[in-house]
Amino acid sequence: MTPAMTGKRVDRRWLSEAVRRIEADYNRSADTHLIRVDLPRYPGIVLYLKDESSHPTGSLKHRLARSLFLYALCNEWIGPETTVIESSSGSTAVSEAYFAKMLGLRFIAVVPATTAKPKLDAIRFHGGEIHMVDDPRTVYAVSHRLAAETGGHYLDQFTYAERATDWRGNNNIAESIFAQMAEEEHPCPSWIVCGAGTGGTSATIGRFIRYCRHDTKLCVADPVHSVFHRHFEDRSVVALPEGCASRIEGIGRPRVEPSFVPSVIDRMIAVEDADSIGAMRALSDRLGRRVGGSTGTNLWACAQIVEEMAAAGETGSIVTLLCDGGDRYGCTYYDDAWLDDRGVAWTGAAARMTQFLG
């Protein structure tokens, strides 16, 4: 049973040591890089990629996992014998398995059966266990059930992502972006573009922009087969029809998650899966290394905003997220046969994005 369920207090010495280990891990990691991408066809407009793949577990979700563990620890929801459970499409679970192993805790990831194998391998590498479900919509219920059966704690990224991170600062991703942009020719970005899986990143960035009174606007790039952009336009839409799902792992959801805060978002752009894959491929060629599918989604939205700015005679900077590396998708997004089998016609989008990048 979790400490919260039994009313038994967590030993403060163990708790202090657990927090220390997580904070020490953070201190050992330099901030993620900000990569400048010049756009020769659009003078006066500069694109920047916040490279979250440089985290110890290789993705943006490392920040979220750290925050969720600290939040649960400081609420005394986790003790030295607690089994930790999470529902995830892969990357969050990889990062959480890393922190669970650090604290000597059992970790179970509830993942859709379609999750890329390299992600599953990474979860297991960090000592995590895999519980697959055929229907992605059941991950929530299955996670709650496993928590009850094991007497464990369900971290529930979809509920707690927007509140576990200190959105006013404390080196969150938004504060880091603005600090790194300080010496650039356009230090206050015209736009920041990100995706939404839980909604935690967009909530953090949107709140920080308003708290610091920046003129920056926030755009969320969302797969076409996701509910978030529909909910943004019509708050009465809270779920997708059964069988409607995006192929882009890590972003887009079939239901509106509790951590999604549309009021802090200025704009949403819906992106076709094929366009995400094509943009991902083109950017990988430009950088000389592979990036993940959600980065392609972000880039496609950035291209639309850049073209609109250029048409209006505007200059400025745009910052988006390089969410994770592409090595985890070698058997899916980078496998032409896999894409052909699923009817993903990505080559036209790749050509267009190559032209955009110059």
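Data block above holds the structure.
Caption draft 1: How the structure looks around the overall build of the protein chain. If you tally the helices and strands in the protein chain, you get 14 helices and 10 strands. For 358 residues, the compact-globule estimate of 2.2 N^0.38 gives 21 Å, and the C-alpha radius of gyration of the protein chain, at 20 Å, lies within 12% of that figure. Viewed in the frame of its principal axes, the protein chain has a C-alpha envelope of about 65 × 45 × 40 Å. Taken as a whole, the protein chain presents about 14,700 Å² of accessible surface, with 49% of it coming from carbon and sulfur. On the protein chain, the mean spot of the 39 positive side-chain charges and the mean spot of the 45 negative ones are 4 Å from each other.

Caption draft 2: Just the nonpolar core, in detail. Ranked by size, the top nonpolar core spans 43 residues in total, and within it Ile318, Met353, Phe356 and Leu357 carry the most contacts. For this core, the leading source of residues is helix H12 (residues 293-311), giving 8 residues. When residues no more than four places from it in sequence are discounted, the contact partners of Met353 are Ala279, Ala282, Leu299, Trp300 and Ala303. Counting residues in each nonpolar core, the second largest holds 32 residues, with Ala18, Leu68, Ile78 and Ala161 among its members.

Caption draft 3: How the structure looks around the environment of Phe158. Here Phe158 lies in helix H7 (residues 157-164). Using a relative accessible area of 4% as the deciding quantity, one classes Phe158 as buried. Separated by 191 residues in sequence, Phe158 and Ala349 have C-alpha atoms that sit 31 Å apart. Not counting residues within four places of it along the chain, the set of residues in contact with Phe158 comprises Ser87, Tyr140, Gly197, Thr198, Arg253, Glu257, Pro258 and Ser259.

Caption draft 4: Here's a closer look at the pairing of strand E10 (residues 316-322). Among the 7 residues in E10, 7 count as buried, and that is most of the element. Bridge count for strand E2 (residues 45-51) against E10 is 7 bridges, and the pairing is parallel. Residue pairing in the sheet places Asp51 in a bridge with Leu322 of E10. Pairing geometry for strand E7 (residues 191-194) and E10, over 3 bridges, is parallel. The partner of Trp191 across the bridge, within E10, is Ile318.

Caption draft 5: Structural detail: the packing of helix H4 (residues 91-103) against helix H5 (residues 117-125). At a minimum axis separation of 8 Å, H4 and H5 run at an interaxial angle of 10 degrees. Between H4 and H5, the angle is such that the two are roughly parallel. Counted together, Ser91, Ala93, Val94, Ala97 and Lys101 of H4 and Lys119, Ala122, Ile123 and Phe125 of H5 form the full contact between these two elements. Grouping the amino acids of the contact of H4 with H5 by side-chain chemistry returns 6 nonpolar, 1 polar and 2 charged.

Caption draft 6: Inspection of the sheet that holds strand E3 (residues 84-87) at higher detail. Strand order across the open sheet formed by 4 strands is E5-E4-E3-E6, with parallel pairing between neighbours. Looking at which strands have only one partner, the edges of the open sheet turn out to be strand E5 (129-133) and strand E6 (153-154). Packing against the sheet, H4 makes contact with E3 and strand E4 (107-112), and its axis sits at approximately 175 degrees to E4.

Caption draft 7: Inspection of the packing of aromatic side chains at higher detail. A complete count under the given rule lists 12 aromatic pairs for this structure. Ring geometry for Phe69 against Phe99: centres 6.1 Å apart, planes inclined by 40 degrees, an arrangement best described as tilted. Of this pair, Phe69 sits in helix H3 (residues 61-74) while Phe99 is found in helix H4, placing the two residues 30 residues apart along the sequence. Linked through ring pairs, Phe69, Tyr98 and Phe99 together constitute an aromatic cluster. Just above the ring of Trp346 sits the side chain of Arg281; from NZ or CZ to the centre is 4.1 Å. Over the ring of Tyr334 we find Arg290, and its NZ or CZ is 4.3 Å from the ring centre.

Caption draft 8: Summary view of H7. Across the 8 residues of H7, 6 count as buried, placing the element largely inside the fold. Along H7, the residues that are buried comprise Gln157, Phe158, Thr159, Ala161, Glu162 and Ala164. Taken together, the buried residues of H7 touch H3, E3, H4, helix H6 (139-150) and helix H9 (200-211).

Here is what the cut-offs are and how they apply
- Residues numbered from 1 in each chain as written.
- Predicted model: local features only at pLDDT ≥ 70, side-chain atom pairs only at ≥ 80, totals over all residues.
- Heavy atoms only, no water.
- Helix = DSSP H or I, 4+ residues; strand = E, 2+ residues; numbered from the N terminus.
- Rg over C-alpha atoms; globule rule 2.2 N^0.38 Å.
- Areas by Shrake-Rupley, 256 points an atom, 1.4 Å probe, with all protein chains shown as cover.
- Lys, Arg positive; Asp, Glu negative; His and termini not counted.
- Charge placed at Lys NZ, Arg CZ, Asp CG, Glu CD.
- Core = buried A, V, L, I, M, F, W, Y, C linked by side-chain atoms within 4.5 Å.
- Buried < 20%, exposed > 50% of the residue type's maximum accessible area, 1.4 Å probe, protein only.
- Contact = heavy atoms within 4.5 Å.
- Pairing = 2+ DSSP bridges.
- Axes fitted to C-alpha atoms, helices over the stretch in contact; angles between N-to-C directions.
- Parallel < 35°, antiparallel > 145°, perpendicular 65-115°, else oblique.
- Nonpolar A, V, L, I, M, F, W, Y, C, P; charged D, E, K, R; others polar.
- Phe/Tyr/Trp six-rings, centres within 6.5 Å; stacked < 30°, edge-to-face > 60°.
- Lys NZ or Arg CZ within 6 Å of the ring centre and 35° of its normal.

Limitation: the analysis is restricted to geometry and does not speak to function.
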